[in-house]
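Reading the structure
Spelled out from the first residue to the last, the chains are:
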Amino acid sequence: QVQLVESGGGLVQAGGSLRLSCAASGSIFSVNDMGWYRQAPGKQRELVATITSSGSTNYADSAKGRFTIARDNAKNTVYLQMNSLIPEDTAVYYCNAEIRRRFNIGYGNYWGQGTQVTVSS
């Protein structure tokens, strides 16, 4: 089995910062792309940022200049540093990863359980 466990969400005032972490564990052979998505109430899940195993990053326009995605390949962990938070950033944030399990061929797509981020005005 493979698990993605997120941490670091919470309540913060507008202008504040939060750092999300997501650790992949289990029977892992390798991890390809990792990323963060979010879903606000009544809205579809949307991309926040992704990062490849070599460190190339991609950001949604709403995240550019405020959020930074990073990863530690040795720990199979991805981070999202969020600065200058605004109320519109309020959502459940989900970790996503492409993982090849041991003894398997090919990569599967895995999701974390989500962590709530609430930004008050």
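Residues numbered from 1 in each chain as written. Predicted model: local features only at pLDDT ≥ 70, side-chain atom pairs only at ≥ 80, totals over all residues. Heavy atoms only, no water.

Before going further, it helps to examine the pattern of salt bridges. Summed over all chains, the structure comprises four salt bridges. The shortest N-O distance in the salt bridge between Arg-38 and Asp-89 comes to 2.9 Å. Of this pair, Arg-38 sits in strand β4 (residues 28-39) while Asp-89 sits in the loop between β8 (77-82) and β9 (91-101), and the two are 51 residues apart along the sequence. Side by side, Arg-38 and Asp-89 carry an identical accessibility label, which is buried. (Salt bridge = Lys/Arg side-chain N within 4 Å of Asp/Glu carboxyl O. Helix = DSSP H or I, 4+ residues; strand = E, 2+ residues; numbered from the N terminus. Buried < 20%, exposed > 50% of the residue type's maximum accessible area, 1.4 Å probe, protein only.)

The subject of this paragraph is the state of the cysteines. Following the criterion strictly, the structure yields one disulfide and no others. The disulfide bridge from Cys-22 ends at Cys-95, spanning 2.1 Å between sulfur atoms. Because the torsion about its S-S bond is -80°, the bridge between Cys-22 and Cys-95 counts as left-handed. Pair noted here: Cys-22 is in strand β3 (residues 18-26) and Cys-95 is in strand β9, with a separation of 73 residues, a long-range link. Comparing Cys-22 with Cys-95, the two get one shared label, buried. (Disulfide = S-S within 2.5 Å.)

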